[in-house]
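# Descriptive analysis of the structure
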Amino acid sequence: MTSDHDMLWRRCGLLGRVLLPLVDQEPWRQARRQETLKARGIDTAAGERMIEIFAALAAHAVALDASWSAAEFGALPLRAVADAAAGKRDYELLAGLPDTFADDRDGQAVNVFRLYTYKGGQYSHRLLLLSWELRYALNVLAERTPTPSPTCGDVFHRAAEAGLPQ
């Protein structure tokens with residue numbers, strides 16, 4: 001049986017996976033992001049995967065701090081996720097994660113995030129750069145949403161409308 005904590009992580013992981021495809025509905029945004037990552041010495045595929053997991057970690061940290069369940073996750077404001085990505089220390093984003101991940105890719109990406117956090121130096125700088133890209137992506141989605149305070153649920157609704165896997 002899946003615990004609520006595992007379900008919460010799955011919702012956070014889904015947010016990370018649909019984020020960039022939704023932003024990339026304007027193809028020039030993907031090209032700009034990939035150029036930016038390359039210019040910063042970050043492999044584009046790895047960088048985009050790190051942005052996805054960063055989004056999941058930030059959302060998870062906010063939901064845990066607020067003691068929200070998986071069922072309540074849809075009401076989580078995008079602004080709070082963006083603020084956590086920019087304002088929480090890297091190690092704070094790692095607190096309270098599940099022991100195992102249903103998706104091995106999530107487990108691998110979290111381990112890379114941990115490695116970057118603990119190595120420090122240029123790796124911490126990369127996380128800072130990725131947090132800026134994440135915040136930008138979240139702001140783009142927030143601007144596209146007609147509601148004044150868009151939520152993670154609004155992102156999931158847009159993802160469903162766009163035919164993205166849920």
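Above this text sits the structure in question.
Keep in mind it's a predicted model, so treat the numbers as computed, not measured.

## Describing the pattern of salt bridges
If you walk through the whole model with that rule in mind, you get 12 salt bridges. Between aspartate 103 and arginine 17 there is a salt bridge; the shortest N-O distance is 3.9 Å. Taken as a pair, aspartate 103 in the loop between helix 5 (90-93) and helix 6 (104-119) and arginine 17 in helix 1 (residues 4-23) lie far apart in primary sequence, 86 residues in all. Aspartate 103 gets classed as partly exposed once you look at its relative accessible area, which sits at 26%. One salt bridge connects glutamate 26 with arginine 29, and the closest N-O pair in it is separated by 2.4 Å.

## Examining the nonpolar core
Counting residues in hydrophobic clusters, the biggest one holds 52 residues, and the most contacted among them are Trp9 and Phe73. Counting only elements with at least two residues in this core, the list comes to helix 1, helix 3 (44-65), helix 4 (78-87), helix 6, helix 7 (122-144) and helix 8 (152-161). Contacts of tryptophan 9, omitting those with residues within four sequence positions, involve Ile53, Ala56, Leu57, His60, Leu97, Pro98, Phe101, Asp106 and Val110.

## Quick notes on the packing of aromatic side chains
Per the counting criterion, the structure on display carries four aromatic pairs. Summarising the aromatic geometry, the rings of phenylalanine 54 and phenylalanine 113 are spaced 5.1 Å apart at their centres and angled 85° between planes, so their arrangement reads as edge-to-face. Of this pair, phenylalanine 54 sits in helix 3 while phenylalanine 113 sits in helix 6, placing them 59 residues apart in sequence. By relative accessible area, phenylalanine 54 is classed as buried at 1%. Centre to centre, the rings of tyrosine 116 and tyrosine 123 are 5.2 Å apart; their planes meet at 50°, and the pair counts as tilted. Taking the relative accessible area as the measure of exposure, tyrosine 116 reaches 14% and is therefore buried. Tyrosine 123 sits in the partly exposed class, given a relative accessible area of 22%. Between the NZ or CZ atom of arginine 32 and the centre of the ring of tyrosine 136, over which it lies, the distance is 4.4 Å.

Definitions and limits used
- Residues numbered from 1 in each chain as written.
- Predicted model: local features only at pLDDT ≥ 70, side-chain atom pairs only at ≥ 80, totals over all residues.
- Heavy atoms only, no water.
- Salt bridge = Lys/Arg side-chain N within 4 Å of Asp/Glu carboxyl O.
- Helix = DSSP H or I, 4+ residues; strand = E, 2+ residues; numbered from the N terminus.
- Buried < 20%, exposed > 50% of the residue type's maximum accessible area, 1.4 Å probe, protein only.
- Core = buried A, V, L, I, M, F, W, Y, C linked by side-chain atoms within 4.5 Å.
- Contact = heavy atoms within 4.5 Å.
- Phe/Tyr/Trp six-rings, centres within 6.5 Å; stacked < 30°, edge-to-face > 60°.
- Lys NZ or Arg CZ within 6 Å of the ring centre and 35° of its normal.

On their own, these measurements won't tell you what the molecule is for.
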